[in-house]
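Spelled out from the first residue to the last, the chains are:
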Amino acid sequence: MPTDQIQYKSHPDNLILSEPNKFKPGTLRSEEMIINLGPQHPSTHGVLRLEVLMDGEIVKEVVPHIGYLHRCFEKHAENLPYNQIIPFVDRLDYVASMNSEHAYALGVERMLGIEHQIPKRVEYIRVLVAELNRIASHFIAIGTYGMDIGAFSPFFWLMRDREHILRLLEWASGARLLYNYMWIGGLFYDVPVGFEERCLEFVNYIKPKLKELNTVLIENKIFVERTANVGVLPLDLAINCGVTGPMLRASGLRFDLRKVDGYSVYPDLDFNIPIGEGKMGKTGDCWDRTQVRVEEMYESLKIIEQCLDKLTKEHKRTRDFDPQALVPKKIRPKAQDMYVRAEIPKGELGFFFRADGKSDIPFRCKCRSCSFVNLSVLPEIAKGILIADLIAILGTIDVVMGEVDR
Amino acid sequence: MLDQFLSLLSPVCQSEPLADDASSPQAIKIATQDLVKVMDTLYHNEQTYFDMLSCITGIDNGPQAGTMEVVYNLYSIPFNYHLMIKVMLPRERPAIDSVSHLWKTGNWQEREIFDMYGIHFNNHPDLRRILMPADWQGYPLRKDYKHQDYYRDIKIEY
């Protein structure tokens, strides 16, 4: 279509008809009103629209309207061979693509039955880059959260440090955000020469910076007063709503799929699972959720150090090492249903595959996205709070709309 | 483990639940009318205690087969059990009972299946489209889906 023509005739009813409000003005009581938040609002972290029923400053109901970033992942996946779906998987959680790729590659490898044949060096590189990306994702979560509630400088500091991670990953894969680095059965490339040393430099650089972050933001009195006892998510509600990841752990359950399922080389690595303990207020409040993310970054650094140790000693770079050696020429799993899950920075990313055994294309590829499920808890915990706290709670859910809408 | 689940479930089912071998995790096929009773047992029984509903998947087997499926992936945190429950539906006017009274996460996940497949969930508290616009025509993930040519004067190209 030529772009100089009018492609869309605007009409005032279009918005109302395509996504109508749940509450109608005629049915409200006289002191109630509907506030529309988003879809274009910096504190909604993307295109999320919240329909908020207010009584003065008190929130009575929140109705999230999603789907503004729906890109038909599942429909595309039903028309593409397994290896060509990986770039689409990148675009689900676009700030932590490596982790999503890891989950997807794990699923297809398990269907093919080659999960345990993957060379250890490949798996250690996968875990290394995935954990780097986990730190980058948590940087965004904490940085934008600080900005949401008024702390501006930590955002810049975290973006500066995130840039180092993105450059490392760009060096390895060629792209800054959407990598297509992990292939089914292997990797696109081995990591470049000198990557391990630079990675170690980064680890040593970032440790004092994290301490600095703790002092300036996490344990800052203003931040604690703002987030402690706000948006408390009780554990039973969290489990019932299917919440996973740092949100579930902040509610006090030591549940991490890297430990529980022990996929990839995680059983060989030594790391802890931080949980929320209600240090500043009640367990499961906004402060706990932020704190769990910060603690997780330390654990990720521990994992990275161990991976680097393995990659420079036991599973050293050799001349004849081919990261694509096990990549199958034809990816055709036998007929089966498979649900596979893995821990990405936001929680449990699951893929449900149905293979018919006759083609290279999945019959069905469902993505169980953690942001989608985590966001569904918002209407439950946002009843009877102040509207300013609604923003504070939404920030700690850490939604990435690309993954919510798929 | 699967035999234990089957022996637990067969008293509450009207038609016999069947084991399905070609799945990972292990799967049980049940009839549509038994769904709520089965889920209630799995959720409340102290030997199973499936407290987490990980994922609900809708599947369209195409107009030739004439069936649709809904697949529930359950997980029990205290026992570390996985279980897949499969329900077969007709393709004409598919309807199934909602499980959102047991797991609140069912609410949005069922809405998504309604949105994509047009499967109606009985007793659902708030069955509206979730990802597609409210006035979208058709159910996009059905195998015989044909998209409309124009949506609000926007030409749809694929």
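Coordinates for the structure precede this section.
These notes cover the structure that comes with them. Everything numeric in this text was worked out from a predicted model, so none of it was measured.

1. Comments concerning unusual backbone geometry
Cis geometry marks the peptide bond from Ser-24 of chain B to Pro-25 of chain B; its omega dihedral reads 0 degrees. Mapping Pro-25 of chain B onto the fold places it in the loop between strand E2 (23–24) and strand E3 (27–30). You will see that Ser-264 of chain A, though not glycine, has its phi angle at about 55 degrees, which is positive. Tracing the chain through its elements places Ser-264 of chain A in the loop between helix H11 (257–260) and helix H12 (286–312). With a phi close to 60 degrees, Asn-80 of chain B is a non-glycine residue in the positive phi region. Inspection of the secondary structure puts Asn-80 of chain B in the loop between strand E5 (67–76) and strand E6 (81–90). According to the C-beta neighbour criterion, Asn-80 of chain B is exposed, with 9 such atoms within 10 Å.

2. Observations concerning the sheet that holds E3 of chain B
All names here are of chain B. As summarised here, the arrangement of the five strands in space is E1-E3-E6-E5-E4, forming an open sheet in which the pairing is mixed. Strands at the two margins of the open sheet, each flanked by one partner only, are strand E1 (18–20) and strand E4 (52–60). The average undirected angle you get between the axes of adjacent strands in this sheet is 25 degrees. In this sheet, E6 lies alongside E5 in antiparallel orientation, the contact comprising 10 bridges. Looking across to E6, one finds that Tyr-75 is bridged to His-82.

3. As for the environment of Ser-369 of chain A
Residue and element names in this part refer to chain A. Take Ser-369: it is sitting in the loop between strand E10 (364–368) and helix H13 (370–375). Residue class for Ser-369 comes out buried when judged on the 28 C-beta atoms lying within 10 Å of it. Those residues within four positions of Ser-369 in sequence are excluded, and the remaining contacts are Leu-92, Leu-349, Glu-403, Val-404 and Arg-406.

4. Side note on helix H6 (residues 153–173) of chain A
Residues and elements named next belong to chain A. Between its first and last C-alpha atoms H6 spans 30 Å; for 21 residues at 1.5 Å apiece the expected length is 30 Å, and the two agree. If you check which residues of H6 are buried, you get Pro-154, Leu-158, Ile-165, Leu-168, Leu-169, Ala-172 and Ser-173. In a view along the axis of H6, the buried residues occupy a sector of 120 degrees, so they form one face of it. Exposed residues pointing more than 90 degrees away from the buried face of H6 are listed as Ser-153, Phe-156 and Arg-160. Considering only its buried residues, H6 is in contact with helix H5 (120–148) and helix H7 (195–218). Directly after H6, the chain includes Gly-174, whose backbone phi takes a positive value near 100 degrees.

Each value, and the rule that gives it
- The residue numbers shown here count from 1 along each chain, following its written sequence.
- Key to labels: chains lettered from A, ligands numbered from 1, both in the order written.
- Where totals are concerned, whole chains, interfaces and linings use all residues; where local detail is concerned, this predicted model gives features only for residues with pLDDT of at least 70, and gives and counts side-chain atom pairs only at 80 or more.
- The numbering of helices and of strands both runs from the N terminus, where a helix is a DSSP run of H or I of at least 4 residues and a strand a run of E of at least 2.
- Any residue whose C-beta has 12 or fewer other C-beta atoms within 10 Å is treated as exposed, any with 20 or more as buried, and any in between as partly exposed, C-beta atoms being built from the backbone.
- Here, any two strands with at least 2 DSSP bridges between them count as paired.
- Axes here refer to lines fitted to C-alpha atoms; in helices the fit is confined to the stretch in contact. Angles between the N-to-C directions go from 0 to 180 degrees.
- Two residues form a contact once the distance between their C-beta atoms, set from the backbone, is within 7 Å.
- Expected span of a helix, by definition, is 1.5 Å for each gap between consecutive residues, and there is one gap fewer than residues.
- Here, the arc refers to the directions that run from the helix axis to the C-beta atoms.

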